[in-house]
Amino acid sequence: DVKVTQSSRYLVKRTGEKVFLECVQDMDHENMFWYRQDPGLGLRLIYFSYDVKMKEKGDIPEGYSVSREKKERFSLILESASTNQTSMYLCASSPMREFSGNTIYFGEGSWLTVV
Amino acid sequence: DQQVKQNSPSLSVQEGRISILNCDYTNSMFDYFLWYKKYPAEGPTFLISISSIKDKNEDGRFTVFLNKSAKHLSLHIVPSQPGDSAVYFCAASAGYALNFGKGTSLLVTP
């Protein structure tokens, strides 16, 4: 069974804190993604990675960075959390050359509240 | 700028009837289109997809139609069931990542 695991489901952090959201996939996928979902705004792409140590900015990268040191792990980092980063964060993965919709897998999501 | 648009934030349908969810896109480079279903507090799950070389794809109660000239796709659910109540996201791809619409919240009433 395929699995994308996000380590923290619910987090509460203070403004200015450094926050790490971790994601692990067990499907040997090359591509990994971080999206955030906000009411009325849909899913917006923050960053993605198509290989170890490679990263590309998505639509809303400001205030975020990512790390991909191992193929199965993709971390999202909020260097200094702000209240407007309160959101649901979704990690996803897909294989490289066989991109098709039915092989995009999402994790369960991480609810981050910044107070 | 939103490249994938779902102009109806919500839709209510009676059980047993047809649900039609619409999606428009602006980028002519999109070559693959998908629908995802999302329940509260869960990640999106893949529902059905269609390649730009087709105009229809069917999977059980779900059918997706693509009109490339109009840059429009739609998802038909027949018959609708209460368990179909969820948020449905349209997505499109021209490469690695997916571009999502804002979602349509479907409520199927008994």
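Residues numbered from 1 in each chain as written. Chains lettered and ligands numbered in written order. Predicted model: local features only at pLDDT ≥ 70, side-chain atom pairs only at ≥ 80, totals over all residues. Heavy atoms only, no water.

Novice: Would you mind going over unusual backbone geometry in detail, with residue names and values included?
Specialist: Cis geometry is adopted by the peptide bond preceding Pro79 of chain B, which originates at Val78 of chain B and carries an omega value of -10 degrees. Relative to the assigned elements, Pro79 of chain B resides in the loop between β8 (72-77) and β9 (86-93). Of note in this structure, Asp28 of chain A is not a glycine but carries a positive phi near 60 degrees. (Helix = DSSP H or I, 4+ residues; strand = E, 2+ residues; numbered from the N terminus.)

Novice: An account of the layout of surface pockets is needed here, citing residue identities and associated values.
Specialist: Of the voids in this model, the largest pocket is the one considered here, and its volume is about 320 Å³. What lines the largest pocket is a set of 19 residues, among which Gln37, Asp38 and Pro39 of chain A together with Val87 and Phe89 of chain B lie closest to the centre. Those elements that place two or more of their residues in the lining of the largest pocket are β4 (31-38) and β9 (87-94) of chain A together with β9 of chain B. (1 Å grid on protein atoms, 1.4 Å probe; cavity = no way out; pocket = protein on both sides within 12 Å on 5 of 7 lines; lining within 4 Å. Points joined across faces, edges and corners; volume = space filled by probe spheres on them.)

Novice: Please set out the environment of Asn7 of chain B residue by residue, giving values where relevant.
Specialist: Residues and elements named next belong to chain B. Positionally, Asn7 belongs in the loop between β1 (4-5) and β2 (10-14). Classification of Asn7 by relative accessible area gives exposed; the value is 59%. Between the C-alpha atoms of Asn7 and Lys102, which are 95 residues apart in sequence, the distance is 8.3 Å. (Buried < 20%, exposed > 50% of the residue type's maximum accessible area, 1.4 Å probe, protein only.)

Novice: Got a sec to walk through the sheet that holds strand β8 (residues 73-78) of chain A? Specific residues and values, please.
Specialist: All names here are of chain A. With antiparallel pairing, the four strands of this open sheet are ordered in space as β1-β3-β8-β7. Of all strands in the sheet, those bounded by a partner on one side alone are β1 (4-6) and β7 (65-70). The average angle at which neighbouring strand axes cross in this sheet is 20 degrees, direction not considered. Taken together, the four bridges between β7 and β8 define a ladder with antiparallel strand orientation. For Ser67, the partnering residue across the bridge sits in β8 and is Ser75. (Pairing = 2+ DSSP bridges. Axes fitted to C-alpha atoms, helices over the stretch in contact; angles between N-to-C directions.)

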